[in-house]
Structures are given as C-alpha cells and as structure tokens.
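Residues per chain are reported as follows:
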Amino acid sequence: MILNYYTHSKEDKNSGCHNVIGYDDGPFYTIHISGKQKEKATVEFKPAFEGYIKGMNKAVMIDKFLLGKFNDFLFNKKKDKENG
C-alpha cells in the first residue's frame, strides 16, 4: 500500500483544505480543515468523488500534522467497524 497525496498547488508545502489523501488501493478522502492555527485545527476527512483527483498534482511530501490526523482517522474508523 502506497500513500498518495494530491494537491491543487504545484508546491507540496501548500497542503490543506480540499486536497486528497488515500492509499493506492483506495478509498480516497478530501481534507477539510477548520481553524487557522494548525495545532488547534479540526481536520475532517470526507470520501472523495470518483475522478476528483483529475487535474490535481501528486505531491512528493505530506505535512506530518495531516499524516498523523489521517492515521488517527483510519485507526478510529477500523476500531468503530470492529465494535460496530
């Protein structure tokens, strides 16, 4: 499994809202960030529409903050599915 991160910007450092993250075997999620200070921001991941990444740039790097939030999201999703 390879983690893919797509951005609307040509520069990886402009990571954030409405960019897309997901593993190559899917599914992909759009990133929604509320709050201006990253450390206090709420991050949500919502399923991306099919074909959403068309025209987006595949980023080489991802922000550690977003990577941590995405891993937490996947862990909680798996835990909820097992308990559910």
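Since we're looking at a predicted model, the values are computed, not measured.

Q: Can you break down the side chain of T7 residue by residue, with the values?
A: Residue placement: T7 occurs in strand β1 (residues 3-7). A relative accessible area of 1% means that T7 is categorised as buried. Within the structure, the side chain of T7 is placed 3.3 Å from the side chain of N19, a separation counted as a polar contact.

Q: Describe helix α1 (residues 64-83), naming the residues involved and giving the relevant values.
A: With 20 residues, α1 ought to run about 28 Å at 1.5 Å a step, and its terminal C-alpha atoms sit 28 Å apart, in line with that. Structurally, the start of α1 carries an N-cap: the backbone nitrogen of F65 is 2.8 Å from a side-chain oxygen of D63.

Q: Describe the packing of aromatic side chains, with residues and values.
A: Applying the stated criterion across every chain yields a total of seven aromatic pairs. Ring geometry for Y29 against F73: centres 5.0 Å apart, planes inclined by 80°, an arrangement best described as edge-to-face. Remark: F73 occurs in helix α1 and Y29 occurs in strand β3 (residues 28-34); sequence separation between them is 44 residues. Judged by its relative accessible area of 22%, F73 falls in the partly exposed class. Among the aromatic residues, those joined into a ring-pair cluster are Y23, Y29, F45, F70 and F73.

Conventions and cut-offs
Residues take numbers from 1 onward in each chain, read along the sequence in its written order. In keeping with the model being predicted, local features are shown solely for residues with a pLDDT of at least 70 and side-chain atom pairs are shown and tallied solely at 80 or more, while totals for entire chains, interfaces and linings include all residues. Side-chain metrics rest on all non-hydrogen atoms present in the structure, leaving aside hydrogens and water. A run of H or I in DSSP becomes a helix once it reaches four residues, and a run of E becomes a strand once it reaches two; helices and strands are each numbered from the N terminus. Using a 1.4 Å probe on the protein chains alone, a residue whose accessible area is under 20% of its type maximum counts as buried, one over 50% counts as exposed, and one in between counts as partly exposed. In protein, a polar contact means a hydrogen-donor-capable atom and an acceptor-capable atom, both N or O and within 3.5 Å, with residues adjacent in sequence counting only if both atoms are side-chain atoms; elsewhere, any N or O pair within 3.5 Å suffices. By this rule, a helix spans an expected 1.5 Å times one less than how many residues it contains. Note on aromatic contacts: the rings of Phe and Tyr and the six-membered ring of Trp form a pair at centre separations within 6.5 Å, being stacked when their planes are under 30 degrees apart, edge-to-face when over 60 apart, and tilted otherwise.

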